[in-house]
Amino acid sequence: MLILVMWAILEGILGQAGAYVRNTEAQIWIVQKGFTDISHGFSVVPGPLEGVPGVRSANPITGARTEIQTDEGKGNLAVIGYDTKSGVGGPWSFATDPAIPKPGQVVVDETFARTAGLDVGDRLHLPDRPRSIVALSSGTNQFTNQLAFGELGDVQGLVRLRGDVNFFALQVQPDNTRQVQAEVRERFPGVTAFSKDTFVANNEREIRDGFQPILYVMVGIAFFVGLAIVGLTMYTATTEKAREYGVLSAIGADRGDLSGVILRQAAITALLGFIVGCLFVLPAGWVIRELAPKTELEFPGWLFAITFVAATVMALVSSYLPIRRLASLDPAAVFRA
């Protein structure tokens, strides 16, 4: 259960990191040269970006990270300004009735709204002026901060950008991505053009480098805890059943037969632990979401396969000491005892 939960938290964080770029209908992202992702730094791209062959639309996006004071405390919010006419860069899923924000309005992530005690119709106090919440978005929780969406010009006023934007999300003609990237590099030397897949990977990498080592250590600790529990269980069971093993040895069971008994017991123990652990992740995930609403858990199928392999390794490794114990077992000494 610990392995599954820890790894699921990592997968959830990585999924959140690339969710915005992954769900934005654009094949190329334009950022200021020297910037690689949407989460760090303050990219500034001069606009407009027009006249590039193969580009169907160049959609401006502006973001502002801010700390919001609410009745429930402080919270981090990333306000995304997008062209509400095209819809590119806006919310892709709603937890309430969909709505397009107008100047003075925002769409707020449902997780942020829940933790901040806000709802549709309430006012969100941003640094420049309050804005009313017209809808709640879903899938826009990014662990360290949540997303809100507003009209492009309104958000440009919030960050005091006049004419410039932070990013351009380009929609290009089919199979024309590489040509457009090359054309952008030639015409606009102060920017970098990333393909969608590369930009998603960049955003995930920034989060992975920060969280992955810590969570991998936690997964490793969970594995060794499980190994210790299975090993201690098996060694104790073997010691308590020394007389029975002595009887088996006395009536002709060789070392291979006794080792087979130990391995089967270890396999059953680890398998039962794996099954129970898989069942426990559901209530454990619910508890984590209630205690830490900003934490998302994802359970891809391969994660259960890896955990099953880990349980199998636990069974094999934990059998070593009990098998060594049986190898030195003297049936006559057992009966004398």
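We now turn to the structure provided with this report. (Residues numbered from 1 in each chain as written. Predicted model: local features only at pLDDT ≥ 70, side-chain atom pairs only at ≥ 80, totals over all residues. Heavy atoms only, no water.)

## Points about the nonpolar core
The following threshold applies: The term nonpolar core refers to a set of buried residues drawn from Ala, Val, Leu, Ile, Met, Phe, Trp, Tyr and Cys, joined through side-chain atoms within 4.5 Å. For every residue, the accessible area obtained with a 1.4 Å probe (protein chains only) is divided by the maximum for its type, and the residue is called buried under 20%, exposed over 50%, and partly exposed between those limits. Strands are runs of DSSP state E lasting at least 2 residues, helices are runs of H or I lasting at least 4, and numbering of each runs from the N terminus.
One finds I3, V5, W7, I9, L215, F223 and I262 to be the most contacted residues of the largest nonpolar core, which totals 37 residues. Counting residues per element, the ones that place at least two in this core are α1 (2-17), α6 (196-240), α8 (255-291), α9 (301-318) and α10 (320-327). At eleven residues, α1 tops the list of elements feeding residues into this core.

## Focus: the layout of surface pockets
In plain terms, the rule: Buried and open spaces are told apart on a 1 Å grid over the protein atoms alone, a cavity being a set of points where a 1.4 Å probe fits but cannot get out and a pocket being an open set with protein on both sides within 12 Å along at least five of seven lines. Residues with an atom within 4 Å of a point are the lining residues. Grid points are joined across faces, edges and corners, and a volume is the space filled by probe spheres set on the points. Under the grouping applied here, Gly and all other residues not named as nonpolar or charged are polar, the nonpolar ones being Ala, Val, Leu, Ile, Met, Phe, Trp, Tyr, Cys and Pro and the charged ones Asp, Glu, Lys and Arg.
In this structure, the largest pocket spans a volume of roughly 470 Å³. Lining of the largest pocket is provided by 21 residues; of these, M1, G226, G273, F274 and M314 occupy positions nearest its centre. At the level of elements, α1, α6, α8 and α9 are the ones that each hand at least two residues to the lining of the largest pocket. Of all the elements, α8 adds the most residues to the lining of the largest pocket, at eight residues. Here the lining of the largest pocket is composed, by residue class, of 15 nonpolar, six polar and no charged.

## Some words on the pattern of salt bridges
Under the convention used in this document: Note on definitions: salt bridges are taken to be side-chain nitrogens of Lys or Arg within 4 Å of carboxyl oxygens of Asp or Glu.
Across all of its chains, the model carries five salt bridges by this definition. Members of the salt-bridge network, linked through shared partners, are D128, R129, R131 and D154.

## As for the pairing of strand β6 (residues 130-137)
Our working rule: Any two strands with at least two DSSP-identified bridges between them are counted as paired.
β6 sits mainly inside the fold: six of its eight residues count as buried. Pairing geometry for strand β4 (residues 105-109) and β6, over five bridges, is parallel. Pairing of Q105 across the sheet is with S132, part of β6. Sheet topology places strand β5 (residues 123-125) next to β6; three bridges connect them, and they run antiparallel. Pairing of R123 across the sheet is with S132, part of β6. From the end of β5 to the start of β6, which pair antiparallel, there are four residues.

## As for helix α4 (residues 152-159)
The element α4 is largely enclosed, with a buried count of six among its eight residues. Among the residues of α4, L152, D154, V155, Q156, L158 and V159 are the ones counted as buried. Two residues or fewer past α4, R160 is found with a positive phi of approximately 60°.

## Comments concerning unusual backbone geometry
In the Ramachandran plot, D175 falls in the positive-phi region, its phi being about 60° despite a non-glycine side chain. For D175, the location among the structural elements is in the loop between β9 (167-172) and α5 (177-187).

## Overview of the pairing of strand β1 (residues 28-32)
Of all five residues in β1, four are buried; the element is thus mostly enclosed. The sheet contact formed by β1 and β9 spans three bridges and is antiparallel. For I28, the partnering residue across the bridge sits in β9 and is L170.

## As for the side chain of N59
Worth spelling out the cut-off: Whenever a nitrogen or oxygen atom comes within 3.5 Å of another N or O atom, the pair is scored as a polar contact, on the condition that within protein one atom can donate a hydrogen and the other can accept it, and that pairs from neighbouring residues in sequence are kept only if both atoms are in side chains. Residue contacts are defined here by distance: any two heavy atoms, one from each residue, within 4.5 Å place the two residues in contact.
Here N59 is to be found in strand β2 (residues 55-70). Reaching out from N59, the side chain makes a polar contact with the side chain of S86 at a distance of 3.2 Å. Sequence-distant contacts of N59, that is, excluding residues within four places in its chain, are made with S86, V88, F167, F168, A169 and Q171.

## A word on the packing of aromatic side chains
For clarity, the threshold we go by: When two rings of Phe, Tyr or Trp (its six-membered ring) have centres within 6.5 Å they constitute a pair, described as stacked for plane angles under 30 degrees, edge-to-face for angles over 60, and tilted for the intermediate range.
If you walk through the whole model with that rule in mind, you get twelve aromatic pairs. With 5.4 Å between their ring centres and 80° between their planes, F223 and F224 make a pair best called edge-to-face. Its relative accessible area of 55% is what places F224 among the exposed residues. For the ring pair F299 and F304, a centre distance of 6.1 Å and an interplane angle of 40° mean the geometry is tilted. In textbook terms, an aromatic cluster arises when at least three aromatic residues are bridged by ring pairs, as seen for Y20, W29, Y82, W92, F149, F167, F194 and F199.

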